[in-house]
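# Examining the three-dimensional arrangement
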Amino acid sequence: MPAADARGPCWARYLAQLLWKKEELYLQLDSHMRFVPFWDRKARRDLLICQQKSQKPVLCCYGRAYQQGLPYDMAPKNLTGCLNCAAFFDAHNILNIRYRSLRHDWDEPRKSYFWSAHFSFSSSECLKEVPYDPRLLMLFFGEDTRTTTVGGRQTGNSFCKSF
């Protein structure tokens, strides 16, 4: 798509959701991600643990930081996971969410009060319950806060992954 035709990340995510073919699980992430080995197994394990605590769990967080220029096949080392936290209200009274790096990784996922578009892994039921709105053009700041609260899907169901 030519850059002039772009309408922002929410619209792009709406288009991506139109590709859903009834798969059981749904993964949404930003393009600037690196994965640890066996991330998919770890994500499924964490989601199963969360299903004991919530009917509609969502694993979500900001990804681990990594230094630009590293080879694409080099997984980040000596980095810990992150927890989504409230940061501040901007000039438009929109709550901005930031992450805080953990001192060490957790043995299992823990409750998180804020959803993140950076990494979100859950049942695909979320596509029916809280789909992206194609009218949210050029929205960037505020997307995480909106999805945290809309429809109650993520509210009280977000968990920070353990890996």
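Residues numbered from 1 in each chain as written. Predicted model: local features only at pLDDT ≥ 70, side-chain atom pairs only at ≥ 80, totals over all residues. Heavy atoms only, no water.

Time to look at the sheet that holds strand β7 (residues 158-160). Hydrogen bonding along the main chain pairs the strands of a sheet, whether they run parallel or antiparallel. Strand order in the open sheet made by the five strands is β1-β6-β2-β7-β5, with mixed pairing throughout. Every interior strand has two partners, whereas the edge strands, β1 (25-29) and β5 (110-111), have only one. For β5 and β7, the ladder comprises two bridges, and the chain directions are antiparallel. The residue of β7 that forms the bridge with R110 is C160. (Pairing = 2+ DSSP bridges. Helix = DSSP H or I, 4+ residues; strand = E, 2+ residues; numbered from the N terminus.)

Counted according to the given criterion, the structure contains one aromatic pair. Directly above the ring of W11 sits R7, whose terminal nitrogen or CZ lies 4.4 Å from the centroid. Taking the ring centre of F119 as reference, the NZ or CZ of K161 above it sits at 5.4 Å. (Phe/Tyr/Trp six-rings, centres within 6.5 Å; stacked < 30°, edge-to-face > 60°. Lys NZ or Arg CZ within 6 Å of the ring centre and 35° of its normal.)

Moving on to the nonpolar core. Listed in full, the eleven residues of the largest apolar core are M33, V36, A43, L47, C50, L59, C61, F119, F121, F159 and F163. Of all the elements in the fold, those that place two or more residues in this core are α2 (39-50), β2 (58-61) and β6 (119-123). In this structure A43 touches L59, F121 and F163, once residues within four positions along its chain are discounted. C10, V58, W115 and A117 belong to the second largest nonpolar core, which has six residues in total. (Core = buried A, V, L, I, M, F, W, Y, C linked by side-chain atoms within 4.5 Å. Buried < 20%, exposed > 50% of the residue type's maximum accessible area, 1.4 Å probe, protein only. Contact = heavy atoms within 4.5 Å.)

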